[in-house]
Amino acid sequence: MANVVLGVAPTRRSIFSAPDAVKYADLTRARLEELGVSFVDIKDISEDGLLHREEDRVRIEKKFKEQGVDGLFVPHGNFGTEYEVARLAKELNVPVLLWGPRDERPDEDGIRLRDSQCGLFATGKVLRRFRIPFTYLCNCRLEDEEFERGIRNFLAVSNVVKTFRKTRILQIGPRPFDFWSTMCNEGELLERFQIQLAPIPMPELTAEIKRVREDKETIQEIMAYCRENFNVAINEEELEMVVALKAAMKALAKRYGCNAVAIQCWNALQSEIGIMPCAANSLLNEEGLPVVCETDIHGAITAIMCEAAGMDEARTFFADWTVRHPDNENGELLQHCGPWPLSCAACKPTIGYPLAFSHPGAVEAQAKLGDMTLCRFDGDNGEYSLLLGNAKGIEGPYTKGTYVWVEVKNLKRLEAKIVEGPYIHHCVGIHKDVVPVLYEACKYLGITPDLYDNNEEEVKAYIRGE
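Report on the accompanying structure. Only a predicted model underlies this, so the values are computations on that prediction, with no experimental measurement involved.

Definitions and limits used
- Residues numbered from 1 in each chain as written.
- Predicted model: local features only at pLDDT ≥ 70, side-chain atom pairs only at ≥ 80, totals over all residues.
- Heavy atoms only, no water.
- Helix = DSSP H or I, 4+ residues; strand = E, 2+ residues; numbered from the N terminus.
- Buried < 20%, exposed > 50% of the residue type's maximum accessible area, 1.4 Å probe, protein only.
- Contact = heavy atoms within 4.5 Å.
- Core = buried A, V, L, I, M, F, W, Y, C linked by side-chain atoms within 4.5 Å.
- Pairing = 2+ DSSP bridges.
- Axes fitted to C-alpha atoms, helices over the stretch in contact; angles between N-to-C directions.
- Polar contact = N/O pair within 3.5 Å; in protein donor to acceptor, adjacent residues only side chain to side chain.

1. A look at the environment of Val-292
Then, number 1: With respect to the helices, strands and loops of the structure, Val-292 is situated in strand 10 (residues 291-292).
Then, number 2: Look at Val-292 and you get buried, because its relative accessible area is 1%.
Then, number 3: Linking Val-292 and Leu-355, residues 63 residues apart in sequence, is a C-alpha distance of 18 Å.
Then, number 4: When near neighbours in sequence (up to four residues on either side) are disregarded, Val-292 contacts Val-261, Ala-262, Ile-263, Gly-299, Ala-300, Ala-303 and Phe-318.

See below:
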């Protein structure tokens, strides 16, 4: 599971019960530990372990920055000090989670000790004044199921945001000439999102392949892995080239500090090394390094976001929306020549030949059925959005490559969204429901979420704990 670290800064206001605020702060810390959450505390800074004084806020900010927290969690033990919360959040520039425990019944004299919910209303208003996006988990008890769900959802949101903001994509070759749909604006991606590309020409890749092939032990080890986990229907020399390509791409991604790869998979590659890259892509995707086809930079960004939303608990797959199901009105074929990771397969995959090319190195297997999320980051004319929604795998006719037939709620609505844009025929899938995570992450990234299931209120309700 991905490691995400929260900065936890419980807050209080002086006119309400300080002992009760301390009590609930400590109970919250204990609950986070019980849930296995990694967090940086402030008990060594504030004498009561709570955020409510400016001098403490300055030191808390320094500590959280030094510790590199990925998100800020601000439990309101009582009403809270809203301006200190906003000042801290503004300086940290990480996702913010607001929550407070439900208040007790007023005592026999009508005295209320905390007024946590009232303070959350105030903090939300001040955060908006500071133009700070935040996530709100409704007032609930620590033992409630929605608290655990809300914390885990926020951890995943924080993981998407930190991963997205550190994105650097290894671009191997320009896009294929025929794929005008995968063009992107490199300068705008850097200016808007700080996303960097590391472009390399094909000769640099072939030189790296030559270098890694000298490491016979590593090459043989990866070949043995392939023989164990795939039906290998190509010869030994071709398999060795598949493995060398995989090792070369991994080495180049590490050299340039990249967390994803977009490769021009045809047709210059075939004249240089004589294989399709699909099986090499599959191997890297299984290791958690997303590799996408046809130099689709926006596809690589999508894969990074989706992989992070899954918290490394499931691998993603890169697919084409291809054809409608012959029998199911809301069914569609997701397919590609074979870059899908091994763990997505419903059977033992075969390394062989693709549908449309005569070179070896493609992968063939049906993917697992079940529930999944499908998404696509894309943009044109300066506007960027994330198409996302749910699907379930269904039975359908056999086809070549890596494939799965899926059913969505309303295929015609989805089809129109893809055609009308800014999307294309590529998407990324994961066998996990990460729609609420990706929807909420968009808030922090300046991306418009576009729910093809038309269920925005349901997603919002899930996030806030309904």
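2. Some thoughts on the nonpolar core
Then, number 1: Grouped together as the largest cluster of nonpolar side chains are 67 residues, with contacts concentrated most on Ile-169 and Met-305.
Then, number 2: Ranked by size, the runner-up nonpolar core spans 40 residues in total, among them Ile-200, Leu-205, Ala-244 and Leu-283.

3. Section: the environment of Val-435
Then, number 1: Mapped onto the fold, Val-435 is located in helix 14 (residues 435-445).
Then, number 2: Residue classification places Val-435 among the buried residues on the basis of a relative accessible area of 2%.
Then, number 3: Along the sequence, Val-435 and Leu-451 sit 16 residues apart, while their C-alpha atoms lie 8.6 Å from each other.
Then, number 4: For Val-435, the contacting residues outside a window of four places in its chain are Thr-373, Leu-388, Gly-389, Asn-390, Leu-451 and Val-459.

4. So, the sheet that holds strand 3 (residues 71-75)
Then, number 1: With parallel pairing, the five strands of this open sheet are ordered in space as 2-1-3-4-5. Both edges of this open sheet fall to strand 2 (38-40) and strand 5 (135-136), since each of them pairs with a single strand only.
Then, number 2: Across two bridges, the pairing between strand 4 (residues 96-99) and strand 5 is parallel. Across the sheet, the residue bridging to Leu-97 is Thr-135, located in strand 5.
Then, number 3: Sheet strands in contact with helix 3 (residues 82-92) are strand 3 and strand 4, and its direction is about 170° off that of strand 3.

5. Quick notes on the side chain of Asp-20
Then, number 1: Tracing the backbone through its elements, the reader meets Asp-20 in helix 1 (residues 18-34).
Then, number 2: Among the polar contacts made by the side chain of Asp-20, one reaches the side chain of Ser-17 at a distance of 2.8 Å.
Then, number 3: Sequence-distant contacts of Asp-20, defined by excluding residues within four places in its chain, comprise Leu-113 and Arg-114.

6. Comments concerning the pairing of strand 12 (residues 331-336)
Walk down a regular strand and you will see the side chains alternate between the two sheet faces.
Then, number 1: The buried count for strand 12 comes to six of six residues, which makes it a mostly enclosed element.
Then, number 2: Because side chains alternate across strand 12, one face comprises the buried residues Gly-331, Leu-333 and Gln-335, and the other comprises Glu-332, Leu-334 and His-336, equally buried.
Then, number 3: The pairing of strand 11 (residues 316-324) with strand 12 spans three bridges and is antiparallel. Its bridge partner being in strand 12, Trp-321 is matched across the sheet by Leu-334.
Then, number 4: Hairpin connection of strand 11 to strand 12: six residues between the antiparallel strands.
Then, number 5: Direction of pairing for strand 12 relative to strand 17 (residues 402-407): antiparallel, over a ladder of six bridges. If you follow Gly-331 over to strand 17, its bridge partner there is Glu-407.

7. Regarding the sheet that holds strand 10
Then, number 1: Ordered in space as 7-6-9-10, the four strands form an open sheet in which the pairing is parallel. With one partner strand each, in any of the chains shown, strand 7 (196-200) and strand 10 form the two edges of the open sheet.
Then, number 2: Direction of pairing for strand 9 (residues 260-263) relative to strand 10: parallel, over a ladder of two bridges. Residue pairing for strand 10: Ala-262 is matched across the bridge by Val-292.

8. Re unusual backbone geometry
Then, number 1: Cis geometry marks the peptide bond from Trp-266 to Asn-267; its omega dihedral reads 5°.
Then, number 2: With respect to the helices, strands and loops of the structure, Asn-267 is situated in the loop between strand 9 and helix 10 (268-273).
Then, number 3: Here the bond from Gly-421 into Pro-422 is cis, since omega is 15°, no more than 30 degrees from zero.
Then, number 4: Among the structural elements, Pro-422 can be located in the loop between helix 13 (411-420) and strand 18 (426-430).
Then, number 5: The phi angle at Asp-312 is positive, at roughly 65°, despite the residue not being glycine.
Then, number 6: Tracing the backbone shows Asp-312 in the loop between helix 12 (297-309) and strand 11.
Then, number 7: Since its relative accessible area comes to 42%, Asp-312 is described here as partly exposed.

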